[in-house]
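Structural overview for review
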Amino acid sequence: MTVRSIAVVGGGISGIAAAVALTRHGHHVLLLESEDLLGGRTGPSHLGERPIMMGGKNIGRRYSHLRALLAELDDGTFEDFGINTSTVASSARSTARGTRLLPLDSSRPLTSLRSLLQMGTPRDLLRLALLARAVRRHDDARFLGSPTFRRLAARRDDPALTDYFSPRMTSSLLRLATVRMNGAEPDEAYLGTLGTNLGLLTDTFEQLDHGLAPALDRVPARLDVQLSSRVTELRPHATGMQVQWTTSSSSHTRDVHTRDADGVILALPAHAAAPLLAPHRPELGRLLSTVRYFPATVAVVKYADDVFTSEIRAVAMGDGPCSNAGAYGTTDRDLVRFTFSGRRGRLDSPTRADVDSLVASAEANLSDTFGRPLPERLDWTWRHWSAAYCAYSRHHARLLDQIATESRSLDGRMSLAGDYLLGASLEACCRSGEAAAAALL
Ligand SMILES: Cc1cc2nc3c(=O)[nH]c(=O)nc-3n(C[C@H](O)[C@H](O)[C@H](O)COP(=O)(O)OP(=O)(O)OC[C@H]3O[C@@H](n4cnc5c(N)ncnc54)[C@H](O)[C@@H]3O)c2cc1C
């Protein structure tokens, strides 16, 4: 086997999965990441001394590729998280004792079934049950472009979820999944990509006890990692690619670096890959620029006492700016993660003061929902992503076919990974990275 030198652009899960897969085959890998740490939208951070994840952290039992990757890097232990979330019943009114909630909890199937029966019409439930069965039976149905959802989208002209299910179903169960996974409202999400959302709803989740940081810390021991290195240009040459990137120096000037590589993997969200591809492959750049992304802002707040109980650990908060408030972990019920996403939660460059006041109003809603005041706030941190969630596109499978056709012109010198190829979950990103590595080899 010939040892090749490959540059991987992007140090999120897609890029790390690609890079580690290449090192397994003995290739030299240079991983270029524009930020000063690895992890991308998993968002490793701290609240005081405590390591926390501001972005993707929940790992499904069916995340087999991601789990294998994490085990290879660091054998961290998992805390069960299950599915535990509650939505406000559509008929609910606030009373002195709080608001009636419909819990969905993977450890309480009967309670969840009762909630589900109130969330949609019999036709909704039948349609959903059939699709969920396909996702349970066929591993590929929970990823983008699967035959099951391709056929369905083609037959129905890929309607928005609001044109396929009743308002009761879209505003309760389906909104919970589309806002959480794609930052999209059900009228912005399509039947052809619902398999990815059902993959989330039919899985049960855990999180790493110490977050992803210990695994991420092990990556530089396996390959050459360059942080604070933004790739600005890719130039094809006779036998491979020249990669150009900039780093900030202490004098605040930008240093420009170049390196020749036998191949490049662009492990970036579509909007970041598009401008790098556009100069040489304009059509591919154009196709990638049509993939939609929505913003999110996340605040993690430490309270003097538990906010949630063991039975209610997260609440989907209607259509306010705060789409979801949840305990950070099963036992971390005094630590609450507020997510601002969905149509009314799309903030534009918020300041700390903006987020502070939004958290205060979400706290007031939570307090009304529970019918009791919240404990004292001790500390908090926040993070905003202007393009947090990949929301795919209508007839996304067709777009993927066009991307695949255009990618053939990359001549085996470049391949693509990222959340727009198989789905936005960490598992889908991990698989896309591994597939990009395999395609290049
Ligand atoms: C708030 C939030 C919560 C989520 N929760 C979950 C969850 O619980 N479970 C789950 O499965 N999924 C979750 N997700 C989704 C999941 O985290 C993401 O889809 C996934 O992390 C994306 O990984 P990626 O490597 O494809 O992209 P990214 O993580 O975005 O990585 C791309 C990297 O490329 C870098 N980069 C960009 N441009 C350049 C350039 N020109 N040169 C060099 N580097 C560049 C970026 O800095 C970034 O680090 C969540 C997402 C968000 C935002």
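Residues numbered from 1 in each chain as written. Predicted model: local features only at pLDDT ≥ 70, side-chain atom pairs only at ≥ 80, totals over all residues. Heavy atoms only, no water.

1. A look at the environment of G15
Relative to the helices and strands, G15 resides in helix α1 (residues 13-24). You can call G15 buried: its relative accessible area is 0%. Here the alpha-carbon distance between G15 and A417, two residues 402 residues apart in the chain, equals 7.3 Å. Apart from residues lying up to four places away in sequence, G15 is in contact with V8, G10, L31 and A267. (Helix = DSSP H or I, 4+ residues; strand = E, 2+ residues; numbered from the N terminus. Buried < 20%, exposed > 50% of the residue type's maximum accessible area, 1.4 Å probe, protein only. Contact = heavy atoms within 4.5 Å.)

2. A short note on the domain arrangement of the protein
Taken domain by domain, the protein holds domain 1 (5-42 + 63-76 + 210-291 + 393-440), domain 2 (78-102 + 204-209 + 293-392) and domain 3 (107-200). A separation of 30 Å is found between the C-alpha centroids of domain 1 and domain 3. Counting residues at the interface gives 17 residues for domain 1 and 14 residues for domain 3. Carbon and sulfur atoms supply 58% of the area that domain 1 and domain 3 bury against each other, a total of about 1,200 Å² over both sides. The largest share of the area that domain 1 buries against domain 3 comes from R394, H395 and L422, three residues that together contribute 37% of it. The interface formed by domain 1 and domain 3 includes three salt bridges. D139 is paired through a salt bridge with R431; the nearest N and O atoms lie 3.0 Å apart. Every element with two or more residues in the side of domain 1 that touches domain 3 is listed here: α12 (396-407) and α13 (426-440). For the side of domain 1 that touches domain 3, the element with the highest residue contribution is α12, accounting for four residues. Partitioning the side of domain 1 that touches domain 3 into residue classes produces seven nonpolar, five polar and five charged. (Domains from an automatic or database assignment. Buried area = accessible area lost by both parts, 1.4 Å probe. Salt bridge = Lys/Arg side-chain N within 4 Å of Asp/Glu carboxyl O. Nonpolar A, V, L, I, M, F, W, Y, C, P; charged D, E, K, R; others polar.)

3. Considering unusual backbone geometry
If you check the backbone angles, D158 has positive phi at about 40° while not being a glycine. Residue placement: D158 occurs in the loop between α5 (147-156) and α6 (167-182). With a relative accessible area of 1%, D158 lands in the buried category. One non-glycine residue with positive phi stands out, namely S228, at about 50°. Tracing the sequence through the fold places S228 in the loop between β10 (224-226) and β11 (229-237).

4. Section: the sheet that holds strand β9 (residues 205-208)
If you trace the three strands from one edge of the open sheet to the other, you get β5-β9-β6, paired in antiparallel fashion. The strands lining the two open edges of the sheet, one partner per strand, are β5 (59-60) and β6 (78-80). In this sheet, β9 lies alongside β5 in antiparallel orientation, the contact comprising two bridges. Paired with I59 across the bridge in β9 is E206. (Pairing = 2+ DSSP bridges.)

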